[in-house]
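So you can see what is in the structure, the chains are spelled out below.
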Amino acid sequence: MSDDVWILGIYMTKFGKYPDRDTVDLAAEAVLAALKDGGVSMKDMGVLAAGCLMGGGGIAQQIQKQIGQTGIPAYNVSNACATGATALKTAIMTVKSGEADFGLAVGVEKLAGAGLLGGAGKSAKAGSTWTPQGRYGEVMDTEGRVGTSGMPGTFAQIGMEYLHTYGSTSFDVFARISEKNHSHSTLNPLAAYTKAMSLDEIKNDIMIAYPNTRPMCSANCDGAAAAVVVSDAKLKTLSLEQQRRAIKVSASVLTTDPYEEACQVLPNVNTLTRNAAKIAYERAGIGPEDLDLVELHDCFATAELVHYDNLMLCEEGGAVEFFESGATWRTGTTPVNVSGGLESKGHPIAATGIANIWEICHHLRGEAGPRQIEGAKVGLAHVIGLGSACGIHVLERSGL
Amino acid sequence: MSNLIPFVDYLVLGDHPHLVANECTACGARFFDRRNACAGCSGTEFHKVDVATEGEITSFTVVTFAAPGVPVPFVSAIVDCAGTSVRSNIIHVEPTPDDVSLGMKVALATYSLGLDENGVEAIGFGFQPA
């Protein structure tokens, strides 16, 4: 017996458009299916953690009212794009602490047709009288007048900063990363978009914030994902089949961005990811070279590049060469985002941090069908919530 | 001068327009917003420092698609002003990736954002090729 925590059941809905279903419908589908996948029921659960970033709050109790009001503690979690990972970590911590044998985490979002997120700010109406307001004493909305804090422009600058730091002029690399992820999604029936896109199609699509064109941005869509976790001791009392399919959580890490020069001018998504990765590898007792697959937070193609480096999948400064070697294609040495990633599978925000775990589990269980990474034993799932929060989970198959 | 107002309160107008930062007295970290304490060391004493008006572009993007009311296209950049990073528009250039480059030398410039009903003129800042 150990204090390990295992994923017993997990599920993601198909990502896409659900005009006739609300967030509770989608979350309920994910939870009921995750429970079934784990061979347990709501009555077994000792804790619920739920997130719906754009919802009004109270999603956990709304879900309970539809599928089981058992009186357990429920946490409504909100942590930007790391909401799902934070919900999962909340359930894991509760089980690890001994307060519960089983925990349940769910993330859900309805974003189809939502358009640009973040950076919209206040209206930029020229006021009748200029009046300084806010922490910068601005007399009108700063977006577009003091640079950008919108998501596409922010992550575009994060990618461009990487090229500048390491003296690369390979501006095409971002579009080629997107080409990879759109290609990968053709094998994922649950992805919002499953159409391969050529490099020319990607580069000639609508420019959002240079160098990111529309297909290089995460796809807004609807979806939910849920996971059931269990203590090591309890798992050993369950059936051999449940034990065989259980996936070990070898590390569950959450970090925020430590202060550095410039971090309040352009969010630094690098250091907190690197910090989380270091902790995760140490706790799991594995190194980046041991990973059979990685799902990382490609909210924009520019973000995927920097995270190769931040997760130490390559030498420091070597992300462009690493990608160009073919390493991160599904046929490469470190397949990244074989699900299609946020650019093609889609990014229903609060669901993302559990859906990426589902993808890894699917491969570790050998259940990924045509897109199976053969013989996968260990994988890593990463998310970033801007502001910032980083969640990393390292997962291993049971070996039974 | 009384009928001019800076677009943000860390822009100082006058003969030599420049930006000012709140510098933490204990650790030297610089911030442009109103502070409760220092994010680097939690110190609570700050003093005003002038930020260099010339710098180098360390990152940029050309935003061509934005929320309603945001004037596009525009160039957003991070400018390293002698060790202090500043977020700014790059102005007086064509807003295309061909007219801006990583490492480009730039200098602070100001421009008018219009008058309010009392005739007060708001003055914004940007960086332009040096």
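Residues numbered from 1 in each chain as written. Chains lettered and ligands numbered in written order. Predicted model: local features only at pLDDT ≥ 70, side-chain atom pairs only at ≥ 80, totals over all residues. Heavy atoms only, no water.

## Quick look at the packing of aromatic side chains
Quick reminder of the rule: Paired rings are identified among Phe, Tyr and Trp, the last through its six-membered ring, by centres lying within 6.5 Å, and are further divided according to the angle between planes into stacked (under 30 degrees), edge-to-face (over 60) and tilted (the rest). The cut-offs for exposure are 20% and 50% of the maximum accessible area for each residue type, with area from a 1.4 Å probe on protein chains only; residues under the lower value are buried, those over the upper are exposed, and the others partly exposed. The numbering of helices and of strands both runs from the N terminus, where a helix is a DSSP run of H or I of at least 4 residues and a strand a run of E of at least 2.
This structure, assessed with the given rule, holds 10 aromatic pairs over all chains. Each ring, one from Tyr162(A) and one from Tyr166(A), has its centre 4.8 Å from the other, and the planes form 50 degrees; the classification is tilted. Taking relative accessible area as the criterion, Tyr162(A) reaches 7% and is therefore assigned buried. Among the residues examined, Tyr166(A) registers a relative accessible area of 37% and is labelled partly exposed. Look at Tyr210(A) and Phe60(B): their rings are 6.2 Å apart centre to centre, the planes differ by 15 degrees, and that puts the pair in the stacked class. Here Tyr210(A) is found in the loop between strand S5 (207-209) and strand S6 (212-213), whereas its partner Phe60(B) is found in strand S6 (residues 54-63) on a different chain.

## Structural notes on the interface of chain B and chain A
Stated formally: What makes two residues a contact is simply this: any of their non-hydrogen atoms within 4.5 Å. Take the accessible area each of two parts loses on contact, using a 1.4 Å probe, and add the two losses: that sum is the buried area. By definition here, a salt bridge exists when the distance from a side-chain nitrogen of Lys or Arg to a carboxyl oxygen of Asp or Glu is within 4 Å. Polar contact is the term for a pair of N or O atoms within 3.5 Å; when the atoms are in protein, one must be able to donate a hydrogen and the other to accept it, and sequence-neighboring residues count only if both atoms are side-chain atoms. Three classes are used: nonpolar for Ala, Val, Leu, Ile, Met, Phe, Trp, Tyr, Cys and Pro, charged for Asp, Glu, Lys and Arg, and polar for all others, with Gly counted as polar.
Tallying the contact residues gives 56 residues for chain B and 42 residues for chain A. When chain B packs against chain A, the two sides together hide about 4100 Å² of surface, and 59% of this comes from carbon and sulfur. A per-residue breakdown of the area chain B buries against chain A is headed by Phe7(B), Phe65(B) and Arg87(B), which together make up 17% of the total. Put simply, chain B and chain A have 0 salt bridges between them. The interface formed by chain B and chain A contains 22 residue pairs in polar contact (both at pLDDT 80 or more). Per element, the largest residue contribution to the side of chain B that touches chain A is 8 residues, and it comes from S6(B). Residues of the side of chain B that touches chain A, tallied by class, amount to 30 nonpolar, 16 polar and 10 charged.

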